[in-house]
Amino acid sequence: MPSLVEKVKSYGKRIVGQPEDPVPVVSVQDWVRNQSRDPKREILRYVEGLFPIVGWITRYNFGWLYGDVVAGLTVGIVVVPQSMSYAQIATLPTQYGLYSAFVGVLIYCLFATSKDVSIGPVAVMSLTVSRIIATVNEHHPNEWPGHQIATTVAFICGFIVLCIGLLRLGWLVEFIPAPAVSGFMTGSAINIVAGQVPGLLGETGFDTRAATYKVIINCFKFLPVTKRDAAFGLTGLVALYGIRIACDILAKRYPRRKRFFFFISVFRNAFVIVVLTIASWLYCRHRKSKSGKYPIKILQTVPRGFQHVGPPVIDSKLISAMSGELPVATIILLLEHIAISKSFGRLNGYKINPNQELIAIGVTNTVGTVFGAYPATGSFSRSALKSKSGVRTPAAGILTAIVVIVALYGLTPAFFWIPSAGLSAVVIHAVADLVASPRQVYSFWRVSPLEFVIWLAAVLVTVFTTIENGIYTSICASLALLLVRIAHPRGYFLGRVTLHEDKKSVIREVFVPLTQRPGILHPAVKVEPPPPGVIVYRFEESALYPNISLLNDALVDHVKKNMRRGKDMSQVRMSDRPWNDPGPRPGQDENAENLARPVLHSIVLDFSGVSHIDTTAVQSLIDTRNEVERWADKPIEFHFATILSPWIRRALVAGGFGTGASSSRIPTEIAPVVPYRGGRTLLEKHQQKVSDVEAIEEIAEESEGPIVPEDTPFFHFDLISAVHAAEASLAAANEKSARSSIQKGAVSEESSAST
């Protein structure tokens, strides 16, 4: 007698429709077990991963020290003038750029997985901060100082990025492709360069934060009112490019002294600023007006040391006022850094951890607010410089921080005479390299014309509106293209090509699209279609709800166009035809055309490109089977080749595929949106099996057993075995049909003889 528990289980199985003798498939317990075999070790590894410095600091040596000292000092010499220049872009006093530079290089080295990346103020982030300050001041004039707005942005964005890294959600960044990043970076670089030209020439009287095209037009309009600042700015810009070009030419001409010329080129920023500062001092020191102004714009007083150390002041009202701008700032903060760190990881042969890099950026910006820093992220120009200088570990950032500290406490009196036009020259010289080269843009076009359109749209929108619109345009266009590619994947009906080895008597079969694809196969190659009655189809995407209707349409339309209809419709009256069946045209012999087509026997689906399948896809496959069987008026075999995931196998078995069960005893709906009572049949214990004894057995040589489970004979290891099984089954069916015809002929002859 079964116990009460067993009766309840049996009753529950009948309610949910679970078969009493199910096919063994992967379970949720298997998934949980595979996720974490040792939870304690996983937790320990997670905590250790938060501090990558532990993995290499114990192996630190003097060989690494030399490379780090050279790279750290080199980057420090560059970051001081650059950070002050970028603070001007952010409409902040120059010392805030130095604060951000110090915290960025010092904190990042403790959490970094990249030795090359240099953290600090960057042009695009500085421009974004300036726009946020302008937006807040527009709606709340003089309510908060600019530096408080900037540090609040750093704190909120840093905290958001830190949470993304801790939750291991760094994969979200992968949804933004390289052309989109390059597009808004190029547009932003053009925007920044255009905004710095008025400062370079001493032009005033128009809004340098307006749309890029307006700024460019106004730069030309205001050329007649150019001031003496242009003498310092243009001289500095020409000197920067002249030194770099000369060093590049000399390095090619004298390869043995390439490193020497490299360091000469590196020091050009500091050299130009020093020379312009001396020139500014000589020119301005005796030309101060009664109102306290100088003939050219100079930095004047730069406070010594850290003037704003303390807990950050976070005002909830301020957060509400800037909430609309925070998504853009966060995207720039994490996207620019991840793109740079991955790039240098590829170039130098190591792999970065995106989640840990986000943690590093988050901690850097969150802690930086204690020192009054504004948002900092990875700098491409300084990272390239650091890499070329021979950096060995992230500890080089400590040397860079020392240089910044020396500048903050020892050089601020000299900063008084730095001409603002010279800083504009430094910005233009650094940012111009962010503009994509013609070679790079042409590569986008060669690889994917659609992605080139995204790049171009990002650039144009950024130039003619704002950076925010450019970022949103590139991201939305990229996501739209991704959705279109998922919803409209490629699929091909396949044929066979037989390959013969020249030196060995080896014959190999491959399956390629029946329709010739330009540049894929040689025109002389002949593709042999499958035997009449067998269809082979490859779907090149995961079978998901946005795209599965294409598979259904392709198979059903192909069957109705090329395969014989099982029912003779020539004898059916028009009144008895379905409303969507127009019937034959006048003079058309519908029955003769139908008999000329082959009888459908098997459909082989190549799932080598399918990594996921969902409920809607399984339901669509069931609908496809029902439609083609209704057309053929007989059961049709469905063979599946190269099933990559046990979860795909589980889903297909749930839909009644793979086992050979008669279609009359498997569900016509696996997940109905609106249940139709009484119209659904369930899997029963005694299922009729479609004979597959003629199929090619798939045996592994080592184990001398079947490669795929025996309870799913219509799931095959590869496409070749699946097609061979379908062909063998077709041959057996044809032989059986021939024997039946012979027997019927013999019976008819005996009956006629007896009469």
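As a starting point, this report considers the structure included with it. What you see is a predicted model, and the numbers here were worked out from it, not measured in a lab.

**Some thoughts on the overall build of the chain**
When you go through the chain residue by residue, the secondary structure sums to 28 helices and 10 strands. The globule rule puts the C-alpha radius of gyration for 755 residues at 27 Å, and the 36 Å found for the chain is more than 25% above it. Overall, the C-alpha framework of the chain stretches about 135 × 70 × 65 Å when taken along its three principal axes. Taking all 755 residues of the chain together, 46% fall into the buried category. Counted over contacts in the chain with a minimum sequence separation of 6, partners at least 24 positions apart contribute 79%. As presented, the chain carries roughly 39,400 Å² of accessible surface, and 61% of it is formed by carbon and sulfur atoms. Side-chain charges of the chain comprise 74 positive and 60 negative groups, with the mean position of each set lying 15 Å from the other.

**Re the sheet that holds strand β10 (residues 715-716)**
The strand order β4-β3-β5-β6-β7-β10 describes an open sheet built from 6 strands, whose pairing is mixed. The open sheet has two edge strands with one neighbour each: β4 (507-513) and β10. Relative to strand β7 (residues 637-641), helix α26 (residues 615-632) is tilted by about 140°, and along the sheet it contacts β6 (602-606) and β7.

**With respect to the packing of aromatic side chains**
Going through the model one piece at a time under the given rule, you end up with 26 aromatic pairs. With centroids separated by 6.3 Å and ring planes inclined at 45°, the aromatic side chains of W56 and Y60 adopt a geometry described as tilted. For W56, a relative accessible area of 12% translates into the label buried. You can call Y60 partly exposed: its relative accessible area is 26%. Residues F344 and F380 carry aromatic rings whose centres are separated by 5.8 Å and whose planes lie at 45° to one another, so their mutual orientation is tilted. Taken together, the residues span a long stretch of sequence, with F344 in helix α15 (residues 326-348) and F380 in helix α17 (residues 380-388) at a distance of 36 residues. Ring pairing ties together the aromatic residues Y96, Y99, F102, F306, F371 and Y409, which thus form one cluster.

**Observations regarding helix α7 (residues 123-139)**
Between the first and last C-alpha of α7 there are 25 Å, a value that for 17 residues agrees with the 24 Å anticipated at 1.5 Å per step. When you tally the buried positions in α7, you get 12 out of 17 residues, the bulk of the element. What α7 keeps buried is the set A123, V124, M125, S126, L127, T128, V129, S130, R131, I132, I133 and V136.

**Remarks on the pairing of β7**
Counting buried positions along β7 gives 5 out of 5 residues, so the element sits mostly inside the fold. As defined by bridge partners, β6 adjoins β7 across 5 bridges and the pair is classed as parallel. By the bridge assignment for β7, I603 is matched with F638. Crossover connection from β6 via α26 to parallel β7: handedness right-handed. Both β7 and β10 contribute to a ladder of 2 bridges, which runs parallel. What sits directly across from A641, in β10, is H716.

**Thoughts on the pattern of salt bridges**
Opposite charge on two side chains permits pairing when their charged atoms draw close. With the rule as written, the count across this model stands at 9 salt bridges. In this structure, E42 engages R45 in a salt bridge whose closest nitrogen and oxygen atoms are separated by 3.9 Å. Taken as a pair, E42 and R45 lie in helix α3 (residues 39-49) at a separation of 3 residues, close to a single helical turn. Residue R496 pairs with E727 through a salt bridge whose shortest N-O separation is 2.5 Å. Residue R496 is located in strand β3 (residues 491-500), and its partner E727 is located in helix α28 (residues 719-754); the two are separated by 231 residues in the primary sequence. According to the relative accessible area criterion, R496 is buried, its value standing at 9%. Ionic contacts of the salt-bridge type, sharing partners, join the residues R496, E509 and E727 into one network.

Conventions and cut-offs
- Residues numbered from 1 in each chain as written.
- Predicted model: local features only at pLDDT ≥ 70, side-chain atom pairs only at ≥ 80, totals over all residues.
- Heavy atoms only, no water.
- Helix = DSSP H or I, 4+ residues; strand = E, 2+ residues; numbered from the N terminus.
- Rg over C-alpha atoms; globule rule 2.2 N^0.38 Å.
- Buried < 20%, exposed > 50% of the residue type's maximum accessible area, 1.4 Å probe, protein only.
- Contact = heavy atoms within 4.5 Å.
- Areas by Shrake-Rupley, 256 points an atom, 1.4 Å probe, with all protein chains shown as cover.
- Lys, Arg positive; Asp, Glu negative; His and termini not counted.
- Charge placed at Lys NZ, Arg CZ, Asp CG, Glu CD.
- Pairing = 2+ DSSP bridges.
- Axes fitted to C-alpha atoms, helices over the stretch in contact; angles between N-to-C directions.
- Phe/Tyr/Trp six-rings, centres within 6.5 Å; stacked < 30°, edge-to-face > 60°.
- Expected span 1.5 Å × (residues − 1).
- Right-handed = clockwise from strand over helix to strand, strands pointing away.
- Salt bridge = Lys/Arg side-chain N within 4 Å of Asp/Glu carboxyl O.

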